[in-house]
Amino acid sequence: MRLFAAVLPSGTAIAELADEMAQLKALPGADRLRWTGQDGWHFTLAFYGEVAEDVLPDLQERLARAARRQVPYELRIAGGGRFDDRVVWAGAVGELAVMRKLADSADAGGRRAGVTMAAHHTYRPYHPHLTLARNRTEHLRLAPFAAGMEGFEGTPWTVRELALMRSHPPVPGVAGSQPHYEKLVSWPLGR
């Protein structure tokens, strides 16, 4: 199973971001981007990749422990940017130090459970972001889309759980097919 640990935005945060994204989709070239669906919006804490079934119980136990050690915290979607001309993303503000600690614990839990973690996650500092769109062509510049997110500030919400998510790949051969994400289990923070 292809798995990752994540924080899921509140319903209000999703609705506000959807309104903002509608404006981005009106920009020239927007039809050349592959936009993520609202049901796929999340903040990845740790990406595990393919996880063997026999590793899952230990991983779940370690994530439950990580959640218990972390108190609920405030977060909101705000601003955004781009990773080169490949990805447009929305950012986060709030208690980011707490979120980074939770991400570190989720990452460490995966490694201790025996998950082979991707090398780039180990060396890169955690940067909370929510992917909005991916560029399908190298000829489209994403600066206008990133600039369109600069002033966005959503309503704060309290993050109360850590979720273990499963990623189902896009349907092969189906134009516009997107990955589908399924919440396998979640744990309340601080309990």
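Anything mentioned here points back to the structure above.
Residues numbered from 1 in each chain as written. Predicted model: local features only at pLDDT ≥ 70, side-chain atom pairs only at ≥ 80, totals over all residues. Heavy atoms only, no water.

Draft legend 1. Broad picture of the packing of helix H2 (residues 56-68) against helix H3 (residues 96-112). The contact between H2 and H3 brings their axes to 9 Å, and the two run at 155°. In terms of orientation, H2 and H3 fall into the roughly antiparallel class. Our pair here, H2 against H3, has a crossing hand that is right-handed. Here Asp58, Leu59, Arg62, Leu63 and Ala66 of H2 lie close against H3, whose contacting residues are Leu102, Ser105, Ala106, Gly109, Gly110 and Arg112. Classifying every residue of the contact of H2 with H3 by side-chain character gives five nonpolar, three polar and three charged. (Axes fitted to C-alpha atoms, helices over the stretch in contact; angles between N-to-C directions. Helix = DSSP H or I, 4+ residues; strand = E, 2+ residues; numbered from the N terminus. Parallel < 35°, antiparallel > 145°, perpendicular 65-115°, else oblique. Left-handed = near helix turned anticlockwise from the far one by under 90°. Contact = heavy atoms within 4.5 Å. Nonpolar A, V, L, I, M, F, W, Y, C, P; charged D, E, K, R; others polar.)

Draft legend 2. Structural context of the pairing of strand E1 (residues 2-7). The buried fraction of E1 amounts to five of the six residues, a majority that puts the element mostly inside the structure. In this sheet, strand E3 (residues 43-50) lies alongside E1 in antiparallel orientation, the contact comprising six bridges. If you follow Arg2 over to E3, its bridge partner there is Glu50. Bridge count between E1 and strand E8 (residues 161-168): four bridges; the pairing is antiparallel. Considered in E8, the bridge of Ala6 is made with Ala163. (Buried < 20%, exposed > 50% of the residue type's maximum accessible area, 1.4 Å probe, protein only. Pairing = 2+ DSSP bridges.)

Draft legend 3. Local environment of the sheet that holds strand E9 (residues 180-188). One open sheet accounts for four strands, arranged E3-E1-E8-E9; its pairing is antiparallel. Edge strands, defined here as strands with exactly one partner in the open sheet, are E3 and E9. Recorded for the sheet is a direction-independent mean angle of 20° between the axes of neighbouring strands. Here E8 runs beside E9; their pairing, made up of eight bridges, is antiparallel. Each bridged residue has a counterpart across the sheet, and for Leu164 the counterpart in E9 is Val185. Against the sheet, H3 contacts E1, E3 and E8, and its axis sits at roughly 10° relative to E3.

Draft legend 4. Focus on the nonpolar core. The biggest cluster of nonpolar side chains holds 55 residues, and the ones touching the most others in it are Phe43, Leu45, Tyr48, Leu75 and Leu132. Not counting chain neighbours up to four residues away, the residues in contact with Leu75 comprise Val7, Phe43, Ala92, Val93, Leu96, Met99, Thr155, Pro156, Trp157 and Val159. One finds Phe4, Ala6, Ala163 and Met165 within the second-largest nonpolar core, a separate group that totals five residues. (Core = buried A, V, L, I, M, F, W, Y, C linked by side-chain atoms within 4.5 Å.)

Draft legend 5. View of the sheet that holds strand E7 (residues 157-159). The five strands are arranged E2-E6-E5-E4-E7 in an open sheet whose pairing can be described as antiparallel. With one partner strand each, in any of the chains shown, strand E2 (33-35) and E7 form the two edges of the open sheet. On average, each strand axis in the sheet is tilted by 40° relative to the strand beside it, whichever way the strands run. Here strand E4 (residues 73-83) runs beside strand E5 (residues 87-94); their pairing, made up of seven bridges, is antiparallel. In the strand pairing of E5, Gly81 is matched with Trp89. Packed onto the sheet, helix H1 (residues 11-24) meets E2, E4, E5, strand E6 (130-135) and E7 and runs at close to 25° relative to E6. Taken strand by strand, H3 contacts E4 and E5, and its axis lies near 85° from that of E4.

Draft legend 6. Expanded view of the environment of Val98. Note on placement: Val98 falls in helix H3. Contact partners of Val98, with chain neighbours within four places excluded, come to Gln70, Val71 and Tyr73.

Draft legend 7. Just the side chain of Asn135, in detail. Mapped onto the fold, Asn135 is located in strand E6. On the accessibility criterion, Asn135 (16% relative accessible area) is buried. Only 2.9 Å separates the side chain of Asn135 from the backbone oxygen of Thr137, close enough to count as a polar contact. At 2.9 Å, the side chain of Asn135 and the backbone oxygen of Leu140 are in polar contact. (Polar contact = N/O pair within 3.5 Å; in protein donor to acceptor, adjacent residues only side chain to side chain.)

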